[in-house]
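What follows is the residue order along each chain.
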Amino acid sequence: MLVAEGLVKRYGARRALDGFDLTIEPGEIAGLVGHNGAGKTTFVEVVTGLVRPDSGRVSVGGIDVRRDPRGARQRLGVAPQELALYVSATVRDNLRLFAALAGLRRAAAHRAVARVAEELQLTDVLDQRAGLLSGGQQRRTQAAGALVGDAPLLLLDEPTAGADPQTRAALLAAVRERAAAGAAVLYTTHYLPELADLGATLAVARSGRVIARGTQDDLVRGLPGELRLRLGGTEPPALPAGIAGRSRVIDGELRVASTDPPADLAMLLAAGCSLVAVDVRSPSLDDLYHALAPEVSRAA
Amino acid sequence: MLPEIVRPPALPRVIVVPRPDAWRAALARTGAIIRHNTILMLREPGPLASRLILPLAFLAILHPLYEAAQGRSAGVGQAVIATLVTFSLLALSLVGGSILTERIFHTWERLRASAARPAEVLVGKAVPVMAALLAQQVLIVGFGVVVLGLTVASLPLLALAMVTWTLALLALGVALGVLARSFSELSAAYDIGGMILSSLGGALVPLAAMPGWVRHVAPVSPGYWVAAALRAALRGDSAGTLSASAALLGFALAFGLVAALRARRGWGRLARM
């Protein structure tokens, strides 16, 4: 549904996109993650045709975005990162406009608005002005504008930024449902647990290109997890040489980066360590993100 | 040193003639944008009501002054023209506000990311404010005719003058809307600019009664040309109305060009890069 190959976009000396490749299949939710400035939003703007790439090509449903940007846009549902609502109009007016722009006529638009409002728990506020809603309700209205047209490709740029748990849960459920119905979804976020909830495939962007792409399991496999140990005794034990370089002590807890926890535990026991408590943590998306984008870890 | 970007070969230019169902879809989208912008204008009716009611009050109160200065017939004509030009320039707030609101609340980019063509968005936004601007002018002239006894020698010429003036106002308002960085800047532009343009053009006070230098610079103001077009239309002067209306269309094109050039650069984070 979405194919991007070798996209380059330069602003002066800075390359916002630098050989950006990404393919998303129908029914797939692809989580695009990366630090600020990695190129996520620029990529969304290139797909929507708002920004022209210097080179490379991108197509939506087989339609070249440069050649026929409007044809490509007809297949898109877009929720931009910045809140973009008509604050003096009601939620219904906002959604009806985006339904009409997506090609839905009166009765179909009416049904689509009612449906998406129910999905995103907006039914009670449909006739309230968007400017008077809470932040979470505004976020849901923004996302509803992208979902109302049942587009085959959804571009959701940090749709839950600053959202409350209710908003997040409602939105994730709606996204899952659209994907189950066959829509391809590009979902950019800094909240990695959301991508685990969505069962999304991952694309990690850094410096304007995708540096890792695959399923969460594929990408996390091979990363070290962590052993968290409470040791008995009053004196800290001498750790085996193979473990000392991978360990640190935080709040009296020994933490060992480990790709083979049973073998490391055996080494510790053989070295005479007395274990009081053991917690084995599998590698997470956070670990993957920090491994692939170390500058984020350093900044944190 | 960054390596040179290899640009792909230029795509062939293809003129796509929309199919009939594409026309219907385009009309439906344009209709939806017109409807939406009408709703936006009516949800905050204060500015519209003020621009429609205030000129009638102004005209009712001040027409005796003009009549005393210029005689009954000429005085009524001058009073109607002064009111129409001054208050239609102040009504630029409706046009500029309609554009600036889209920018401030980031909905402009969202419309651009939709299936609507730029022309559909422009027509959709223009129709409601054009209707408001024309309604204001029709109300003022109608008040002049019905209440003050204004005589109109040629209705078609008057309609031509009003429509071309509305187009110039529309283009000027859009230019202000894309250039202003805030509502206070926009407000200053139409308040101060509107009064200067209408005074400079001889709409409020006849140019004959103004200092000599004003008479020399008056033609740079669109207010001068609309006053000329309206005067010519009221006395049935086709040539005078046509030439002044042509000048107004020139202003419309110039302001429209400024607006289009600024709008091409876009706003938001990309424009700041």
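Data block above holds the structure.
Student: How would you sum up the side chain of B:Asn37? Please name residues and give values.
Tutor: All names here are of chain B. With respect to the secondary-structure elements, asparagine 37 resides in helix α1 (residues 20–43). Judged by relative accessible area, asparagine 37 falls into the buried class, the value being 8%. A distance of 2.6 Å separates the side chain of asparagine 37 from the side chain of lysine 125, its partner in a polar contact. Apart from residues no more than four positions distant in its own chain, asparagine 37 is found in contact with Ser98, Glu102, Gly124, Lys125 and Pro128.

Student: Explain helix α11 (residues 285–292) of chain A to me, using residue names and the numbers behind them.
Tutor: The complete set of buried residues in α11(A) reads A:Leu285, A:Leu288 and A:Tyr289. In a view along the axis of α11(A), the buried residues occupy a sector of 95 degrees, so they form one face of it.

Student: Quick one: what's the story with the interface of chain B and chain A, residue by residue and with numbers?
Tutor: With 36 residues of chain B at the contact, the number on the chain A side is 42 residues. Applying the counting rule to chain B against chain A returns 2 salt bridges. With a closest N to O distance of 2.5 Å, A:Asp93 and B:Arg43 form a salt bridge. Summed over the shared surface of chain B and chain A, the number is 10 residue pairs in polar contact (both at pLDDT 80 or more). Looking at the side of chain B that touches chain A, the elements that each hand over two or more residues are α1, α5 (107–112) and α12 (268–272) of chain B. Considering each element in turn, the side of chain B that touches chain A owes the most residues, 11 residues, to α1(B).

Student: Let's hear about the packing of helix α2 (residues 46–70) of chain B against helix α3 (residues 72–90) of chain B: which residues, and what values?
Tutor: Residues and elements named next belong to chain B. The interhelical angle for the contact between α2 and α3, taken along N-to-C directions, is 150 degrees, at an axis separation of 8 Å. The hand of the α2/α3 crossing is right-handed. On α3, the residues touching Arg51, Leu54, Pro55, Phe58, Leu59, His63, Tyr66, Glu67 and Gln70 of α2 are Arg72, Ala74, Gly75, Val76, Gln78, Ala79, Val80, Ala82, Thr83, Phe87 and Leu90. Looking at side-chain class alone, the contact of α2 with α3 contains 12 nonpolar, 5 polar and 3 charged residues.

Thresholds, definitions, all that
Residues numbered from 1 in each chain as written. Chains lettered and ligands numbered in written order. Predicted model: local features only at pLDDT ≥ 70, side-chain atom pairs only at ≥ 80, totals over all residues. Heavy atoms only, no water. Helix = DSSP H or I, 4+ residues; strand = E, 2+ residues; numbered from the N terminus. Buried < 20%, exposed > 50% of the residue type's maximum accessible area, 1.4 Å probe, protein only. Polar contact = N/O pair within 3.5 Å; in protein donor to acceptor, adjacent residues only side chain to side chain. Contact = heavy atoms within 4.5 Å. Arc of directions from axis to C-beta. Salt bridge = Lys/Arg side-chain N within 4 Å of Asp/Glu carboxyl O. Axes fitted to C-alpha atoms, helices over the stretch in contact; angles between N-to-C directions. Left-handed = near helix turned anticlockwise from the far one by under 90°. Nonpolar A, V, L, I, M, F, W, Y, C, P; charged D, E, K, R; others polar.

As far as function goes, none of this settles anything; it's purely spatial.
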